[in-house]
Amino acid sequence: MPRFVHHNNVVPMDQNNLLHPADIAEQLAELTGRELYEEFSVYPLDIRLEIFSFFDSASQYELIKQLSEKELSEFLNNLKPDLRNELFYQLPDEMIKYLINLLNEREKQMALELIGYKEDSIARLMTPMYVQVRLHYTVADVFRHIKLFGRKAETLNFVYVVDGQNVLIDDLKIGQLLLADENTKISELVDYNFAAIRASTPMEEAFEIFQKYDRSALPIVTDSGVLVGIVTFDDMLDRIEDRDTEDIHRFGGMDELDLAYTKTPLLELVRKRAGWLIILFLSEMLTASAMSYYDGEIAKAVVLALFVPLIISSGGNSGSQAASLIIRAMALGELKLKDWWYVMKREISSGIILGAILGSIGFIRILLWQQLGIYDYGEYWFYIGLSVSISLLFIVLWGTLSGSFIPFILRRLGMDPATASAPFVATLVDVSGLIIYFSIAAFFLSGKLL
């Protein structure tokens, strides 16, 4: 009898305790090697296909290594084309060649067509499994067609109307067909008003199109309008999750993980983090260099060193905040490259206001400590307070501008804006912030402490 793993116990599967394939996949993913294969193999093929679609890439790869050539051939030929293509995308080239040769001619041709599209194009996520009809069909003809060919379709929410050259004419909601008379011709229902995505469209742009039209599925067409597939929203969600995870990792100052955190080997985890840490460490050495340049001023007025952590952290924090806001707005499609001046104007205003707030707090802190006798800053405490408060104003402004402008520069260079990680922005502002601080302090304290 088929079984599934449940809280580390093997429980018989019947109609009363049958889990959703996603739950089964989550539990089977805890297994490895032969144990995973044996537990997976007891399910019927249609259920195995569903379970496999919910596995992460590591579990899928682990399972493929355990299947015999005959099992692999049967499995791959029945796997949904979009899922199979996503699997191929994650495998080494040599294995892809081996697996493609296990497909029958029809499935092989389909797989090769999908793989032929650019890596970042929306066509990589499409499936050719959909229902298409012609203008001369009646509603009754459509439902007969669905009964014959709809079982393998990715979704039946929409029926796609094409002409003799397979050019997309319209898409009809299944509800619209259900409410129409069975003798009504499709030509009477179409309005030639539909949304579609070109196969060459980058995924980032396709995400925005999905969001704009709020659809569960959208057709994919060639430049000449020929219908070649559809993309469903669940496939988009998976890719959006991957993209957001990659952005979060990069923004945190590390390379993105290929596997889940819990499944990433320790040495691989260290390798992914070490590169950026070394770069940032070397960059932070510039901070020490900047301070050494002002060692004379620090020797004359040691009190200036007391505020260095306050100064550089405020600049770094403001820069990280700005970078977070701009990168997220770019990811959501709220900001384009052309919006850079609009952003700059807003961030200049924000930076001045935020800097003034922090500068005022800094000055009040020095004033209170001096008047209450908590710390004696000397006879020039007022000028020290001015140096700190004015420095905070300019450093927070500079941090805000840096954090908001760097993502635009990276996007303009064709790079991922998320590369403008919080540690990177903070390091940049640290070094420049020290120069600003000591320059302003020299202006106010020259002839006094300096």
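Predicted model, so just to flag it, every value in this text is computed and none were measured. (Residues numbered from 1 in each chain as written. Predicted model: local features only at pLDDT ≥ 70, side-chain atom pairs only at ≥ 80, totals over all residues. Heavy atoms only, no water.)

Trainee: Residues and numbers for the sheet that holds strand 4 (residues 158-162), please.
Mentor: As summarised here, the arrangement of the three strands in space is 3-4-5, forming an open sheet in which the pairing is mixed. Both edges of this open sheet fall to strand 3 (132-133) and strand 5 (168-173), since each of them pairs with a single strand only. Looking at chain direction, strand 4 and strand 5 are connected through five bridges and run antiparallel. Paired with Y160 across the bridge in strand 5 is D171. (Pairing = 2+ DSSP bridges. Helix = DSSP H or I, 4+ residues; strand = E, 2+ residues; numbered from the N terminus.)

Trainee: Explain the nonpolar core to me, and be specific about the residues and the numbers.
Mentor: Counting residues in each nonpolar core, the largest one holds 30 residues, and the members touching the most others are L28, F40, I51, F52, F55, L79 and F88. Elements supplying a minimum of two residues to this core: helix 1 (21-28), helix 2 (33-41), helix 3 (45-54), helix 4 (57-66), helix 5 (69-78), helix 6 (81-89) and helix 7 (93-100). Here I51 is in contact with P21, I24, A25, L28, F40 and Y43, once residues within four sequence places are set aside. Residues I327, L392, L434 and Y437 belong to the second largest nonpolar core, which totals 26 residues. (Core = buried A, V, L, I, M, F, W, Y, C linked by side-chain atoms within 4.5 Å. Buried < 20%, exposed > 50% of the residue type's maximum accessible area, 1.4 Å probe, protein only. Contact = heavy atoms within 4.5 Å.)

Trainee: Tell me what's going on with unusual backbone geometry, and back it up with residues and numbers.
Mentor: In this structure, N166 is a non-glycine residue whose phi angle is positive, near 70 degrees. Note on placement: N166 falls in the loop between strand 4 and strand 5.

Trainee: Give a detailed account of helix 16 (residues 340-371), specifying residues and quantitative values.
Mentor: Over its 32 residues, helix 16 runs 45 Å from end to end, which matches the ideal 46 Å to within 8%, given 1.5 Å per residue. For helix 16, the full list of buried residues reads V343, M344, E347, G351, G355, G359, G362, F363, I366 and Q370. Buried positions along helix 16 lie against helix 15 (308-331) and helix 17 (381-412). Looking one or two places after helix 16, you find G373, whose phi comes out positive at around 75 degrees. (Expected span 1.5 Å × (residues − 1).)

Trainee: Tell me about helix 11 (residues 203-213), and name the residues and values.
Mentor: When helix 11 is considered as a whole, its buried residues turn out to be M203, A206, F207 and F210. Considered in projection along helix 11, the buried side chains sweep an arc of 110 degrees and stay on one side of the axis. Facing away from the buried surface of helix 11 by more than 90 degrees, the exposed residues are Q211 and K212. One or two steps after helix 11, the chain reaches D214, where phi turns positive at roughly 50 degrees. (Arc of directions from axis to C-beta.)

Trainee: Outline the pairing of strand 5, supporting the account with residue identities and numerical values.
Mentor: With five of six residues buried, strand 5 lies mostly within the body of the structure. Counted along the chain from strand 4 to the antiparallel partner strand 5, the turn is five residues long, and its residue N166 has a positive phi close to 70 degrees.

Trainee: Report on the pattern of salt bridges, specifying residues and quantitative values.
Mentor: Under the counting rule described, the total for this entry stands at six salt bridges. The partner of R84 in a salt bridge is E107, with the nearest N and O atoms 2.8 Å apart. Of this pair, R84 sits in helix 6 while E107 sits in helix 8 (residues 105-115), and the two are 23 residues apart along the sequence. E107 matches R84 in its accessibility class, with the two residues each being buried. Two residues, D223 and R198, come together in a salt bridge whose shortest N-O distance is 3.5 Å. (Salt bridge = Lys/Arg side-chain N within 4 Å of Asp/Glu carboxyl O.)

Trainee: Any chance you could break down the UniProt feature "transmembrane region" (unreviewed entry) in the chain for me, citing the residues and the numbers?
Mentor: The sites that carry the UniProt feature "transmembrane region" (unreviewed entry) are, in the present numbering, residues 274-294, 306-327, 348-368, 380-410 and 422-445. This span, residues 306-327, is 91% helix and 0% strand, and a straight line between its end C-alpha atoms measures 34 Å. Split by type, residues 380-410 is 97% helix and 0% strand. Its first and last C-alpha atoms lie 44 Å apart. (UniProt positions renumbered as here; feature names shortened; annotations may be inferred.)

Trainee: Go over the packing of helix 15 against helix 17, please, and point to the residues and values.
Mentor: Contact geometry for helix 15 and helix 17: axes closest at 7 Å, N-to-C directions at 30 degrees. Considering their axes alone, helix 15 and helix 17 lie roughly parallel with respect to each other. At the point where helix 15 passes helix 17, the crossing takes the right-handed sense. Every residue of helix 17 that contacts helix 15 at L310, I311, S314, G315, S318, G319, A322, A323, I326, I327 and M330 is listed here: V388, S391, L392, I395, V396, G399, T400, G403, S404, P407, F408 and R411. Of the residues that constitute the contact of helix 15 with helix 17, the class distribution is 13 nonpolar, nine polar and one charged. (Axes fitted to C-alpha atoms, helices over the stretch in contact; angles between N-to-C directions. Parallel < 35°, antiparallel > 145°, perpendicular 65-115°, else oblique. Left-handed = near helix turned anticlockwise from the far one by under 90°. Nonpolar A, V, L, I, M, F, W, Y, C, P; charged D, E, K, R; others polar.)

Trainee: Requested: an account of the packing of helix 1 against helix 3, with residues and values cited.
Mentor: Packed helix pairs are specified by the crossing angle of their axes together with the interaxial distance, meaning the distance between the axes. Contact geometry for helix 1 and helix 3: axes closest at 8 Å, N-to-C directions at 65 degrees. As far as their axial angle goes, helix 3 and helix 1 are roughly perpendicular. In this structure, helix 1 crosses over helix 3, and the sense of that crossing is right-handed. Only E50, I51 and F54 of helix 3 make contact with helix 1, whose side of the interface consists of P21, A22, I24, A25 and L28. For the contact of helix 1 with helix 3, the residue count by class is seven nonpolar, no polar and one charged.

Trainee: Any chance you could break down the packing of aromatic side chains for me, citing the residues and the numbers?
Mentor: The tally for this structure, following the rule as stated, stands at 16 aromatic pairs. Residues F443 and F444 carry aromatic rings whose centres are separated by 5.2 Å and whose planes lie at 85 degrees to one another, so their mutual orientation is edge-to-face. Directly above the aromatic system of F158 lies the positively charged group of R215, at a separation of 3.9 Å from the ring centroid. The positively charged end of R365 is found above the aromatic ring belonging to W369, 4.4 Å away from the centroid. (Phe/Tyr/Trp six-rings, centres within 6.5 Å; stacked < 30°, edge-to-face > 60°. Lys NZ or Arg CZ within 6 Å of the ring centre and 35° of its normal.)

Trainee: Can you lay out the environment of M285 for me, pointing to particular residues and giving the numbers?
Mentor: Along the chain, M285 turns up in helix 13 (residues 266-293). Exposure remark for M285: the relative accessible area of 40% places this residue in the partly exposed category. As a C-alpha pair, M285 and T427 span 142 residues in sequence and 9.7 Å in three-dimensional space.

Trainee: With reference to specific residues and values, describe the sheet that holds strand 6 (residues 197-198).
Mentor: Reading across from one edge, 6-7-8 is the order of the three strands in this open sheet, with mixed pairing throughout. One side of each edge strand has no neighbouring strand; the edge strands of this open sheet are strand 6 and strand 8 (227-232). Of the pairings in the sheet, the one linking strand 7 (residues 217-221) to strand 8 comprises five bridges and is antiparallel in character. Paired with L218 across the strands is V231, a residue of strand 8.

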